[in-house]
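Structural description and commentary
Below are the chains, spelled out letter by letter.
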Amino acid sequence: MLVLGIESSCDETAFGLVEDGRLLAESVASQADVHALFGGVVPELASREHYRLLGPLFDEFMESAGVLPSDLSGVAVARGPGLLGSLLVGVSFAKALAFGAGIPLIGVDHLKAHLLAPGLEQELSLPALGLLVSGGHTHIYYVESAGKFTLLGRTLDDAAGEGFDKVAKMLGLPYPGGRALDALARFGRKRGQINRKLFSYPYLDNKNLDFSFSGLKTSVALYLKNNPAILEQARSLPDDAVQLEEACAGVPELTELCASFNHCVSYTLCTKLRRAAGQLSLESKPVKSLIVAGGVAANTMLRDDLQVLAGQMNLPLVLPRFSLCTDNGAMIAYAGYLMLTAGYVHNLNLEAIPRGKNIPEDQVRLCAPIF
Ligand code: KG4
Ligand code: ZN
């Protein structure tokens with residue numbers, strides 16, 4: 001069974017081909033350069049770029065994989081959550097392909113696809129505690145099967161990745177900010193510069209599993225206002241990632257800020273995960289592994305802290321490789337493959353669902369008429 005995955009929910013135009021559960025080919029075209037000029041994703045530009053690139057990139061991808069549309073068993077597409085205009089480009093393209101090639105269409109929940117992605121490379125041990133940390137979402141799930149996710153907690157305002165991006169923007173770091181901030185924080189931590197007194201842990205003084213990162217962002221803004229020399233240090237940094245690593249030694253207050261901020265985010269995520277595991281255990285719900293996915297799962301400090309947490313909880317930690325953490329087509333193809341093998345598809349009236357709206361359970365059994 002050969003499933004094509006199409007991802008266009010934000011600023012990556014990506015494809016993946018999964019054959020019988022294994023990754024055959026993938027390609028990701030990032031729009032980072034386009035949005036870097038504005039310091040963040042501009043939705044209208046994102047959809048125009050997808051519109052411009054999706055057709056030619058599809059032709060190129062299929063040709064280099066040696067696959068024809070008629071070879072496909074189904075086409076899966078990220079149907080949300082995401083930027084509506086961007087999603088519509090991918091969803092419309094997938095519908096046309098499904099109709100033209102006479103193959104099933106599968107609408108995939110982008111967030112669930114992130115958490116299932118490690119299944120491409122290893123056996124997933126379910127039920128699992130899942131953390132999805134990306135630029136738009138910070139969700140804790142109880143994952144019982146590929147089709148059964150229960151949302152346990154979510155951010156009430158900014159997502160963790162949004163926090164990284166906004167702090168990076170305040171500092172004028174090269175876009176995309178999360179990765180640059182990670183490099184500075186990594187250096188700061190190596191030098192023992194995590195200062196727990198700089199910022200307080202956000203939204204931990206409660207019993208719930210939700211997050212709120214906007215207050216932490218404001219604390220960083222205030223700290224920078226009172227310590228303008230840090231902004232001078234940030235301005236002195238080179239744009240180039242390799243040179244950035246080398247320049248870290250000359251900006252000690254900046255690396256302290258980044259390490260302390262990164263620690264706050266990582267500690268908060270790990271604390272709520274520990275709390276979630278405790279809650280599930282009280283409810284006698286088994287947990288066999290901890291799965292963490294999404295762009296922020298690429299963060300060095302978080303990955304290390306999660307290893308420690310998983311060790312303490314005696315759970316195997318499942319972290320996708322770096323390229324599977326950020327948006328990609330492979331995870332969409334894989335989630336689509338799982339749905340298709342379970343016998344679920346969508347009709348051609350599949351809707352794109354923007355961020356903030358719930359994804360409906362509107363899949364149909366394969367035996368029902370598809371068109
Ligand atoms: O999953 P993703 O590629 O796109 C969304 O669906 O949002 O996640 C992108 C987010 C951005 O906020 C980016 O800054 C963050 O992931 N990110 C990181 C790192 N790499 C990407 N945040 C912290 N450290 C990183 N190394
Ligand atoms: Zn994503």
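Our subject is the structure listed above.
Here's the deal with the sheet that holds strand β7 (residues 138–145)
Sheet strands pair via backbone hydrogen bonds, and the direction of the pair is either parallel or antiparallel. If you walk across this open sheet you meet the five strands as β8-β7-β6-β9-β10, and the pairing is mixed. Strands at the two margins of the open sheet, each flanked by one partner only, are β8 (148–154) and β10 (317–318). The sheet contacts of helix α11 (residues 300–313) involve β6 (128–133), β9 (289–293) and β10, and relative to β9 the element is tilted by about 165 degrees.

Considerations on the site of ligand 1
In the vicinity of ligand 1, 18 residues are found, and the nearest of them are Gly135, Asp165, Asp182, Gly295 and Asn299. The separation between an oxygen atom of ligand 1 and a polar side-chain atom of His114 is 3.3 Å. Protein contacts shield 88% of the accessible area of ligand 1, which totals 550 Å² for the unbound molecule. Contributions of two or more residues to the shell around ligand 1 are made by α4 (110–116), α5 (160–171) and α6 (177–190). Broken down by element, the residue count for the shell around ligand 1 peaks at three residues, all from α5. Looking at side-chain class alone, the shell around ligand 1 contains four nonpolar, 11 polar and three charged residues. Counting the residues that make up the shell around ligand 1, at least three belong to each of domain 1 (2–121 + 324–365) and domain 2 (128–319).

Looking at the layout of surface pockets
Computed from the structure, the second largest pocket encloses a volume of approximately 650 Å³. For the second largest pocket, the lining is made up of 31 residues, of which Asp109, Lys112, Phe149, Ile359 and Glu361 are closest to its centre. Counting only elements with at least two residues in the lining of the second largest pocket, the list comes to β5 (105–109), α4, β7, β8 and α13 (329–341). Counted by class, the lining of the second largest pocket contains 16 nonpolar, eight polar and seven charged residues. Looking at which domains feed residues into the lining of the second largest pocket, each of domain 1 (2–121 + 324–365) and domain 2 (128–319) gives three or more.

Notes on the packing of aromatic side chains
Under the defined criterion, the tally for this structure stands at nine aromatic pairs. Aromatic side chains Phe164 and Phe261 sit 5.3 Å apart centroid to centroid with 80 degrees between the ring planes, which places their arrangement in the edge-to-face category. Of the two residues, Phe164 is situated in helix α5 and Phe261 in helix α10 (residues 252–282); the sequence distance between them amounts to 97 residues. You'll find Phe164 and Phe261 in the same group, each marked buried. Measuring from ring centre to ring centre gives 6.3 Å for Tyr334 and Tyr337, while their planes differ by 20 degrees; the resulting arrangement is stacked. A residue pair is termed a helical-turn pair when its members lie 3 or 4 positions apart in one helix, as Tyr334 and Tyr337 do in helix α13 at three residues. Here Tyr334 falls in the buried class, since its relative accessible area comes to 10%. On the basis of relative accessible area, Tyr337 is assigned to the buried category, the value being 15%.

Structural notes on unusual backbone geometry
Residue Pro81 is reached from Gly80 by a cis peptide bond, and omega for that bond is -10 degrees. Residue placement: Pro81 occurs in the loop between β4 (74–80) and α3 (84–101). Cis peptide bonds are those with omega within 30 degrees of zero, and the linkage from Leu126 to Pro127 qualifies with 0 degrees. For Asp20, which is not glycine, the phi torsion reads 50 degrees and is therefore positive.

Let's talk about the state of the cysteines
A full pass over the atoms with the stated rule returns zero disulfides. In this structure Cys258 is a free cysteine whose sulfur lies 8.4 Å from that of Cys248, the closest cysteine sulfur available. With a relative accessible area of 0%, Cys258 lands in the buried category. Note on Cys325: no disulfide assigned, nearest cysteine sulfur contributed by Cys270 at a separation of 14 Å.

Some words on the nonpolar core
With 59 residues, the main nonpolar core has Leu171, Leu254, Phe261, Leu290, Val292 and Leu306 as its most contacted residues. Here this core takes 13 residues from α10, the largest share from any one element. Setting aside anything within four residues of it in sequence, one finds Leu290 in contact with Leu129, Leu273, Leu306, Leu309, Ala310, Met313, Leu315, Pro316, Leu317 and Val318. Ala113, Leu132, Leu324 and Ile332 belong to the second-largest nonpolar core, a separate cluster that totals 32 residues.

Observations concerning the environment of Ser73
With respect to the secondary-structure elements, Ser73 resides in the loop between α2 (43–65) and β4. Overall, Ser73 belongs to the partly exposed group, its relative accessible area being 24%. Taking the C-alpha atoms as reference points, Ser73 and Phe61, separated by 12 residues in sequence, lie 17 Å from one another.

Rules behind the numbers
- Residues numbered from 1 in each chain as written.
- Chains lettered and ligands numbered in written order.
- Predicted model: local features only at pLDDT ≥ 70, side-chain atom pairs only at ≥ 80, totals over all residues.
- Heavy atoms only, no water.
- Pairing = 2+ DSSP bridges.
- Helix = DSSP H or I, 4+ residues; strand = E, 2+ residues; numbered from the N terminus.
- Contact = heavy atoms within 4.5 Å.
- Axes fitted to C-alpha atoms, helices over the stretch in contact; angles between N-to-C directions.
- Near = heavy atom within 4 Å.
- Polar contact = N/O pair within 3.5 Å; in protein donor to acceptor, adjacent residues only side chain to side chain.
- Areas by Shrake-Rupley, 256 points an atom, 1.4 Å probe, with all protein chains shown as cover.
- Nonpolar A, V, L, I, M, F, W, Y, C, P; charged D, E, K, R; others polar.
- Domains from an automatic or database assignment.
- 1 Å grid on protein atoms, 1.4 Å probe; cavity = no way out; pocket = protein on both sides within 12 Å on 5 of 7 lines; lining within 4 Å.
- Points joined across faces, edges and corners; volume = space filled by probe spheres on them.
- Phe/Tyr/Trp six-rings, centres within 6.5 Å; stacked < 30°, edge-to-face > 60°.
- Buried < 20%, exposed > 50% of the residue type's maximum accessible area, 1.4 Å probe, protein only.
- Disulfide = S-S within 2.5 Å.
- Core = buried A, V, L, I, M, F, W, Y, C linked by side-chain atoms within 4.5 Å.

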